[in-house]
Amino acid sequence: MRLMVLMVAAGAFMASGVLAQDAAEDPFADAVEMRHGLMLQMATDLGKVGAMAKDETPYDAAVAGKAAANIAAIASVLRMDQFPAGSEYQKATDSFALPAIWEKQDDFLQKVADLNTAAAAFQTAAATDLDSLKTGMAALGGACGACHKAYRQPEE
């Protein structure tokens, strides 16, 4: 039993060293990972409604409404502290954020607000009917694209 406790304690100690090393190597790893997670979830939900908008899958108001609600919820939690200065492309591991985010912070935050507006409208439109979903997708895509074009490094 004592040996097991020592092994668990040693494992925890070694794991904390690895975590500390990761944080020391890239202090922005958590912020970047959080941004990626939010965007990945948004992309997953956009894929569902996008397939409906492209007539690849049948329109389903319940699925569209849930996906749109998720998109609106994710958009509503985007904030500047998820983009700490220094967490930009080529400075933080796996970051695609461009330095312009901090150089033009007011514009960046306006684009986040525009995304929130488009996502809230899309939440209503997506659950209404296919034509409304398609119209809402165009506005939502415009809001996403405006921010990504200005503030995200394209993946290579």
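None of the values given here were measured: they were computed from a predicted structure.

Turning our attention to the packing of helix α3 (residues 61–77) against helix α5 (residues 105–126). Each pair of packed helices can be summarised by the angle the axes make with each other and by the distance between the axes. One can describe the packing of α3 onto α5 by two numbers: an axis separation of 8 Å at closest approach and a directional angle of 165°. Classified by the angle between their axes, α3 and α5 sit roughly antiparallel to one another. Like other packed secondary-structure pairs, α3 and α5 cross with a definite hand, here left-handed. Across the interface between the two elements, Ala64, Ala68, Ala69, Ile71, Ala72, Ala75 and Ser76 of α3 pack against Leu115, Asn116, Ala119, Ala120, Phe122, Gln123 and Ala126 of α5. Partitioning the contact of α3 with α5 into residue classes produces eleven nonpolar, three polar and no charged.

What follows is about helix α2 (residues 29–53). Over its 25 residues, α2 runs 35 Å from end to end, which matches the ideal 36 Å to within 8%, given 1.5 Å per residue. Close packing links the buried residues of α2 with α3, α5 and α6 (130–151). Count one or two residues on from α2 and you reach aspartate 55, which has phi positive near 60°.

Secondary-structure assignment places alanine 118 in helix α5. For alanine 118, a relative accessible area of 12% corresponds to the buried category. Between the alpha carbons of alanine 118 and cysteine 144 there is a distance of 9.2 Å; along the sequence they are 26 residues apart. Residues within four places of alanine 118 in sequence aside, it is in contact with Ala139, Leu140 and Ala143.

What the rule picks out here adds up to three aromatic pairs. Residues phenylalanine 83 and phenylalanine 108 carry aromatic rings whose centres are separated by 5.1 Å and whose planes lie at 70° to one another, so their mutual orientation is edge-to-face. Separated by 25 residues along the polypeptide, phenylalanine 83 in the loop between α3 and α4 (100–103) and phenylalanine 108 in helix α5 bring together distant segments of the chain. Taken as a pair, phenylalanine 83 and phenylalanine 108 share a single burial class, namely buried.

Below, the discussion takes up the layout of surface pockets. Of the volumes computed, that of the largest pocket is approximately 580 Å³. Lining the largest pocket are 28 residues, with Arg35, Met39, Phe83, His148 and Arg152 positioned closest to its centre. For the lining of the largest pocket, the elements supplying multiple residues, two or more each, are α2, α5 and α6. If you tally residues by element for the lining of the largest pocket, the top one is α6, at eight residues. Class assignment of the residues belonging to the lining of the largest pocket gives a composition of 19 nonpolar, four polar and five charged.

Counted by the stated rule, this structure contains six salt bridges. Among the salt bridges present, the one from aspartate 45 reaches lysine 48, with a minimum N-O distance of 3.9 Å. Taken together, the positions of aspartate 45 and lysine 48, both in helix α2 and three residues apart, correspond to about one turn of that helix. Taking the shortest distance from any N to any O, the salt bridge between arginine 79 and aspartate 81 comes out at 2.8 Å. By relative accessible area, arginine 79 is classed as partly exposed at 41%. Taking relative accessible area as the criterion, aspartate 81 reaches 52% and is therefore assigned exposed.

What counts, and where the lines are drawn
- Residues numbered from 1 in each chain as written.
- Predicted model: local features only at pLDDT ≥ 70, side-chain atom pairs only at ≥ 80, totals over all residues.
- Heavy atoms only, no water.
- Axes fitted to C-alpha atoms, helices over the stretch in contact; angles between N-to-C directions.
- Helix = DSSP H or I, 4+ residues; strand = E, 2+ residues; numbered from the N terminus.
- Parallel < 35°, antiparallel > 145°, perpendicular 65-115°, else oblique.
- Left-handed = near helix turned anticlockwise from the far one by under 90°.
- Contact = heavy atoms within 4.5 Å.
- Nonpolar A, V, L, I, M, F, W, Y, C, P; charged D, E, K, R; others polar.
- Expected span 1.5 Å × (residues − 1).
- Buried < 20%, exposed > 50% of the residue type's maximum accessible area, 1.4 Å probe, protein only.
- Phe/Tyr/Trp six-rings, centres within 6.5 Å; stacked < 30°, edge-to-face > 60°.
- 1 Å grid on protein atoms, 1.4 Å probe; cavity = no way out; pocket = protein on both sides within 12 Å on 5 of 7 lines; lining within 4 Å.
- Points joined across faces, edges and corners; volume = space filled by probe spheres on them.
- Salt bridge = Lys/Arg side-chain N within 4 Å of Asp/Glu carboxyl O.

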